[in-house]
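# Coordinates in review
Here's the letter readout for the chains.
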Amino acid sequence: MYLDRRRDGGGCRLSYVGRLESLFTKSNIITGLLLLMPVPWLRGGREPVAAVVLFGFIAVIFFLIWRLPIKLRFNWSLAHTSGLSLVAWSAISLTWSVNRYQSVSWLVMLVLAMGVYLSVYMAFQQPAVREKWLNGFVWMATGVSLVGLIIFLVEDYERLTSLFYWANPMAAFALPAIIASIRQVLARFSWPRATAAAIVLTAFWLTDSRTAVLTLALFGFIGLAIYRLRKPYWINLVLIMTTSLVLALALGWIKGHLQGQATAVVPGTRFEEALKGESQSGSDRLNYLKSSWQMWRENPIIGSGAGTFATVYPQYQQSVVSAVSDPHNFYIKTLVELGLVGLSLLLLFIIGLLVAAVRAWWRGGIPAAVGLGLGAIFVHIALDIDLSF
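The following refers to the structure shown. Please read these numbers as outputs of a predicted model, since none were measured by experiment. (Residues numbered from 1 in each chain as written. Predicted model: local features only at pLDDT ≥ 70, side-chain atom pairs only at ≥ 80, totals over all residues. Heavy atoms only, no water.)

## Quick look at the overall build of the protein
- The number of helices and strands found in the protein is 15 helices and two strands.
- Every one of the 389 residues in the protein was classed for burial, and the buried ones make up 46%.
- Contacts in the protein between residues far apart in sequence, at least 24 positions, make up 75% of those at least 6 positions apart.
- Approximately 20000 Å² of the protein is accessible, and the part contributed by carbon and sulfur atoms is 68%. (Helix = DSSP H or I, 4+ residues; strand = E, 2+ residues; numbered from the N terminus. Buried < 20%, exposed > 50% of the residue type's maximum accessible area, 1.4 Å probe, protein only. Contact = heavy atoms within 4.5 Å. Areas by Shrake-Rupley, 256 points an atom, 1.4 Å probe, with all protein chains shown as cover.)

## Focus on the nonpolar core
- In this structure, Phe173, Ile178 and Phe204 are the most contacted members of the largest nonpolar core, which totals 45 residues.
- At the level of elements, helix 6 (127-154), helix 7 (167-187), helix 8 (191-207), helix 9 (210-227), helix 10 (231-258) and helix 15 (368-380) are the ones that each hand at least two residues to this core.
- Here this core takes 11 residues from helix 7, the largest share from any one element.
- In this view, Phe204 contacts Ala171, Ala174, Leu175, Ile178, Ala212, Val213 and Leu216; residues no more than four positions away in its chain are not counted.
- Counting residues in hydrophobic clusters, the runner-up holds 31 residues, among them Tyr117, Tyr331, Leu335 and Leu353. (Core = buried A, V, L, I, M, F, W, Y, C linked by side-chain atoms within 4.5 Å.)

## Focus: the packing of aromatic side chains
- According to the stated counting rule, one finds 13 aromatic pairs in the structure shown.
- Judged by centre distance (6.1 Å) and plane angle (45°), the rings of Trp106 and Phe330 are tilted. Residue Trp106 is located in helix 5 (residues 100-123), and its partner Phe330 is located in helix 14 (residues 330-362); the two are separated by 224 residues in the primary sequence.
- Take Phe330: its relative accessible area is 13%, and that puts it in the buried class.
- On the numbers, 5.3 Å between centres and 85° between planes, the contact of Tyr117 with Phe349 is edge-to-face. Residue Tyr117 is found in helix 5, and its partner Phe349 is found in helix 14; the two are separated by 232 residues along the sequence. (Phe/Tyr/Trp six-rings, centres within 6.5 Å; stacked < 30°, edge-to-face > 60°.)

## Examining the packing of helix 6 against helix 7
- Look at helix 6 against helix 7: their axes get within 9 Å of each other, and the N-to-C directions meet at 125°. Comparing their axes, helix 7 and helix 6 come out oblique. For the pair helix 6 and helix 7, the crossing hand works out as left-handed. From helix 6, Glu131, Leu134, Asn135, Phe137, Val138, Met140, Ala141, Val144 and Ser145 reach across to helix 7, where they touch Met170, Phe173, Pro176, Ala177, Ala180, Ser181, Arg183 and Gln184.
- Of the residues that constitute the contact of helix 6 with helix 7, the class distribution is 11 nonpolar, four polar and two charged. (Axes fitted to C-alpha atoms, helices over the stretch in contact; angles between N-to-C directions. Parallel < 35°, antiparallel > 145°, perpendicular 65-115°, else oblique. Left-handed = near helix turned anticlockwise from the far one by under 90°. Nonpolar A, V, L, I, M, F, W, Y, C, P; charged D, E, K, R; others polar.)

## Things to note about helix 15
- Counted at 1.5 Å a residue, the expected span for helix 15 with its 13 residues is 18 Å, and the 18 Å between its end C-alpha atoms agrees.
- The set of residues buried in helix 15 consists of Ala368, Ala369, Leu372, Gly373, Gly375, Ala376, Phe378 and His380.
- Against the buried residues of helix 15 lie helix 7, helix 9 and helix 14. (Expected span 1.5 Å × (residues − 1).)

## Here's the deal with the pattern of salt bridges
- For the structure on display, the rule yields three salt bridges.
- Between Arg285 and Asp384 there is a salt bridge, with its nearest N and O atoms 3.5 Å apart. Remark: Asp384 occurs in the segment after helix 15 and Arg285 occurs in helix 12 (residues 281-298); sequence separation between them is 99 residues.
- The exposure class assigned to Arg285 is partly exposed, which follows from its relative accessible area of 22%. (Salt bridge = Lys/Arg side-chain N within 4 Å of Asp/Glu carboxyl O.)

## A few points about unusual backbone geometry
- Residue Ser162 is not a glycine yet carries a positive backbone phi of 55°.
- Residue classification places Ser162 among the buried positions, given a relative accessible area of 4%.
- Non-glycine residue His328 carries a positive phi angle of around 60°.
- Looking at the secondary structure, you find His328 in the loop between helix 13 (309-312) and helix 14.

## Comments concerning the packing of helix 12 against helix 14
- It is the contact of helix 12 with helix 14, at a shortest axis distance of 9 Å, that shows an interaxial angle of 5°. On the basis of the axis angle, helix 12 is roughly parallel to helix 14. Here Leu289, Ser292, Met295 and Trp296 of helix 12 lie close against helix 14, whose contacting residues are Ile332, Leu335, Val336 and Leu340.

Honestly, that's just the spatial picture; any functional story needs more than this.
So this is what it looks like as structure tokens:
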């Protein structure tokens, strides 16, 4: 920061010009654009305007990274090679796609997603950008959660969706934010950090996503095994979890009262429905898998073409009520659309990312929360519709 050396009341005051110069540094601009990248995806990411905006963000970030006064490395790692190969294979699938319009639409999204990945990879070579982005992501998720809480109270739907089309993608978005925010609280407790973690958790409970809760429990146990918390940290963790659950129950009661319902909207009721056999979700997912198996057998090596699941599925769906555009499993969707070749490239990309994250954590380059967040997303996309909405 630059100081204006003119004395004012016996002390130095910060120059407004100096503040602006320190605020709009290249690293800060890059961090801000990285944080804005998820915004077009909050409403599904399929709108042309959203794609154009996201492409603009990527272009500016690459330009600023190129202009940075540091030497950046680009290694042809397993993740880079397999990820770019997956994009290429998706493009090649246009030659045999059963619906080229859907294939092109999906390919545009895949190219943009790869652009986001490469932008993050290049930018994260600056430690300052890494830490700022992690902090900014938590606060962005807090803002999205607050908006979701407001929408939850005023709309008729019983589950929190926030800016997303559906509750489950919102839960998936919150998963890495919860892990990152709790890591911040445990690293250095402060009330703003604890408040942010409690807000995101409250919104997460109100999505009432069973698969997301199970995923969070799994990676929560893994995180506890890694960090090995002492008693003071346990107290902070239990306080945040308890507060968020109480807030979720209170907001559910308020929503029920505002809408004149006899009973409150209680998070977790969908688990009760599943245990009583009242939920059709499990049987529906089984039907999706059966249909997907039949679809895959038609083109086991190359698939039906990128993004074409919704076109082919009606020919194989098990019943009228099981009509969907996504099998609730991204790996199965990739297998059907891009065959064994596409699924192999996707799995290599994910393995490469996880290995790179573990290596970076082991060397002290990133916190374990980054790897845990990635792992949670990669597990949850096997259970729900995250990447389709």
